[in-house]
Each structure stands twice: as C-alpha cells, then as structure tokens.
Amino acid sequence: MAAQNSATGARNTNLTMARWLLIVATMVVLIVVVGGITRLTESGLSITEWKPLSGIIPPLSEAAWDQEFAHYRQIDQYAAVHAGMTLSEFKGIFFWEYIHRVLGRIIGMAVALPLAWFWLRGRIPAGYKLRLVALLALIGLQGTLGWLMVHSGLQKGMTEVAPLWLAAHLITALFTLSGMVWTALDLIDLSKNPAARPARLTAFAALTGAALAVQLVWGALMAGLRAGRVTNEWPLMNGSFWPGVSQTGRGFWGTVSADPSVVHFIHRWWAWVVVGLLIVLARRVKRAGGRRAAIAIHSAFGTQILLGIGTVMSEVALPMAVLHQLVGALLVGTVAWGAHEVGRRA
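These lines cover the structure that appears in this document, whether it is placed above or below. (Residues numbered from 1 in each chain as written. Predicted model: local features only at pLDDT ≥ 70, side-chain atom pairs only at ≥ 80, totals over all residues. Heavy atoms only, no water.)

This paragraph deals with the packing of helix H7 (residues 203-225) against helix H9 (residues 260-287). Axis separation between H7 and H9 bottoms out at 9 Å; the angle between their running directions is 155°. The orientation of H7 with respect to H9, classified from their angle, is roughly antiparallel. Crossing of H7 over H9 shows left-handed handedness. Considered class by class, the residues forming the contact of H7 with H9 number 20 nonpolar, five polar and one charged. (Axes fitted to C-alpha atoms, helices over the stretch in contact; angles between N-to-C directions. Helix = DSSP H or I, 4+ residues; strand = E, 2+ residues; numbered from the N terminus. Parallel < 35°, antiparallel > 145°, perpendicular 65-115°, else oblique. Left-handed = near helix turned anticlockwise from the far one by under 90°. Nonpolar A, V, L, I, M, F, W, Y, C, P; charged D, E, K, R; others polar.)

Secondary-structure assignment places Leu 307 in helix H10 (residues 291-313). By relative accessible area, Leu 307 is classed as buried at 12%. Separated by 13 residues in the primary sequence, Leu 307 and Met 320 place their C-alpha atoms 6.5 Å from one another. Contact partners of Leu 307, with chain neighbours within four places excluded, come to Met 320, Leu 323, His 324 and Val 327. (Buried < 20%, exposed > 50% of the residue type's maximum accessible area, 1.4 Å probe, protein only. Contact = heavy atoms within 4.5 Å.)

Attention shifts here to the nonpolar core. Grouped together as the largest cluster of nonpolar side chains are 73 residues, with contacts concentrated most on Trp 20, Leu 132, Leu 174, Leu 177, Met 180, Leu 278 and Leu 281. Breaking this core down by element, the ones donating at least two residues are helix H1 (2-40), helix H4 (87-120), helix H5 (129-153), helix H6 (163-192), H7, H9, H10 and helix H11 (318-343). Contacts of Trp 20, omitting those with residues within four sequence positions, involve Ala 110, Val 111, Pro 114, Leu 115, Phe 118 and Leu 132. (Core = buried A, V, L, I, M, F, W, Y, C linked by side-chain atoms within 4.5 Å.)

Below, the discussion takes up H10. Across its 23 residues, H10 extends 33 Å between first and last C-alpha, which sits within 8% of the 33 Å expected from 1.5 Å per residue. Two residues or fewer past H10, Glu 315 is found with a positive phi of approximately 60°. (Expected span 1.5 Å × (residues − 1).)

A cluster of nonpolar side chains, contributed by Ile 56, Ile 57 and Leu 60, occupies part of the molecular surface with about 330 Å² of accessible area. With respect to the secondary-structure elements, Leu 60 resides in the loop between H1 and helix H2 (62-73). Its relative accessible area of 73% is what places Leu 60 among the exposed residues. (Patch = residues over 30% accessible without salt bridge, like charges linked within 9 Å, V, L, I, M, F, W, Y side chains within 5 Å. Areas by Shrake-Rupley, 256 points an atom, 1.4 Å probe, with all protein chains shown as cover. Salt bridge = Lys/Arg side-chain N within 4 Å of Asp/Glu carboxyl O.)

The description of an aromatic ring pair rests on the distance of the ring centres and on the angle between the ring planes. In this structure the tally under the stated criterion is 18 aromatic pairs. On the numbers, 5.5 Å between centres and 40° between planes, the contact of Trp 20 with Phe 118 is tilted. Of the two residues, Trp 20 sits in helix H1 while Phe 118 sits in helix H4, which places them 98 residues apart along the sequence. Grouping residues by exposure puts Trp 20 and Phe 118 together as buried. Considering the side-chain rings of Phe 241 and Phe 265, the 5.6 Å spacing of their centres and the 90° angle between planes classify their relative orientation as edge-to-face. Linking Phe 241 in the loop between H7 and helix H8 (252-258) with Phe 265 in helix H9, this pair joins segments that are 24 residues apart in sequence. Residue classification places Phe 241 among the partly exposed positions, given a relative accessible area of 36%. Across from the ring centre of Trp 50, 5.1 Å away, lies the NZ or CZ of Arg 105, which sits over that ring. Over the ring of Phe 204 we find Arg 284; its NZ or CZ atom is 4.3 Å from the centre of that ring. (Phe/Tyr/Trp six-rings, centres within 6.5 Å; stacked < 30°, edge-to-face > 60°. Lys NZ or Arg CZ within 6 Å of the ring centre and 35° of its normal.)

This is how it looks when you write it as structure tokens:
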C-alpha cells in the first residue's frame, strides 16, 4: 500500500510539474507579445538604466517622472524619433518597456521558486534536474540579452536597438518556450507511465526546427530594421519580384542581415520552405497518432502566413503585427508538440 501511494504521489507530482512548465510557457508567449508591442511603439529605450531589484518600482512622484524623462531626452532616439514628446506621451512608451521588464522578472521567479521547492523536497524525477536548471539558465540568459539589446540602442549615434541583438533576444525566448513545452510533455508521459522515457528529437524534426529558427531570426531582423515597411505589396515588392539593388554597401552577410529590402525578401520567401517542411512534419505527426498536434501545426502556420501578408499590406498596422508575433510564438509551441509526438518512445 505504501509503495502504491508513493507511485501515485510521484505521478501527481510529475503532472503538477508539467502544468507549472506549461503555465510558464504561456507567460513566455505573453512576454513575446509585449516585447513586440514595445518594439513597434518605439518604447524599448524609454528606460535607460538596468536596475534588477529597484527597477521593479516605477516612478511614484512627479519629480521621479521628470528625472526618467530627462534621462530619455539625453539619448539620440529622443531627437530622432520622439522629439517634442510630452511627459504624458513619455509615460505611454515607458509603460510598455516597464511591463516587459516586470514580466521578465516574474517569469524568472516563476521558474526559480517552484524549482527550488521541488528540488528541496526531492520531487524532481531522475534525469530532469539538469534540464530544469538549463531552462532557468536560459531565462537568465534572456534577461542578459535583453539588457545588451537595450544597451546597444543607448550608444552614441544609435536611434534604435541593434537588430542582431533583437534577434538573439527573441530566438532565445522562443527556444526556451520550446524547451518548456517539450519537458512538460515528457513529464505528462511520465505521470501516465513511470517507465516512460523522454522523447527523442528526430532528424527531420530537428531540420524543421532549424528552418523555422531561420525564419524567426529574419522575422526579428524585419522588426529591428523596420523592413516590413519597404513595401505594402504582396507577392511583388514595389512592382518587382526581386528586392532590388542592395543599399548596404557591405559583403554578403551585411546584405542579407542588414539591408531592409533583402531581409524582407528572405523572410517572405523562406516562409514557404518552412511551410513545406511543416506539412511533412504534420503528416508524420498524424501517422504517429498525434492528430491534434498535426491540426495545431496546420492551423498555426496557415494563420501565420495570412497574418504575415496582412501585416505587409496594412503597412505594419500594430494589431496585425502583434497578432503575427503572437501566432509565431504559438507556432513554435505547436512544432515542439508535434516533434515530441513523433519522437515519443516506449
């Protein structure tokens, strides 16, 4: 009887841990959306200092607001983008960056505190401690990359954050999201069968994930370079299929990563390579018995394509662009789900 109660307790704990990770994964999706709004509203440089502890308290007096606004007026973005902004308008952009930073702190605590509790009570199943610590480390890396991204935009002569730092910041968040979903699904399997082994990442799923990662990186470069605004046409770009002559005057890497038209072109057409791979992956998922995951993958990438086209044709209207980023994060979660289905082992 004691052994049976112990096994039942372990299954319940595994399921609880899985739910914890899925809740945090949902929070990661939320912070990705808020980060997108922050970028689209040019709010990311409104807080010019990094204060991990005291920064959670916003300005509480008019004098404190005046001081924050004075700091912002000293950076080059103010003169280039928000010249003449009132204090009331500044509070609007400050809000989004503040919420983004607070969410980051909450996510860090939402991973660290439950992890410590499960660890100290000896509830973490064998083989999962290192993986959970790695997820916590990714959260810390994400915060570090976020500050390095902001710091890049505070340098003399810069009016926005460096696109490559923005890409690194976003892709790390989405990689963390996929890791949380994958680990949660392993724990759900373990809660159903104590002998279940972690799913393996198949070669084709890894290829699909890598192709999707390329698309996400160039999507972040699109945001960083405002490349979505180079044209409002689809499928042509300003009357032509090709993006036109590069204006960067750089080598190959500089052209494909820093020329807005070329970045837009790559993001626009690489998407169809990813779609082809996702269709094949979804079929494999369905054959493996994951019909719901297959439907989720099809629904996510279909919606994402339509939102991407709509974002371009609307000249990057804020609601459309934010939805595009939201569904992009959800697509990452569904691909992790599908990859886990085909990699599940007895």
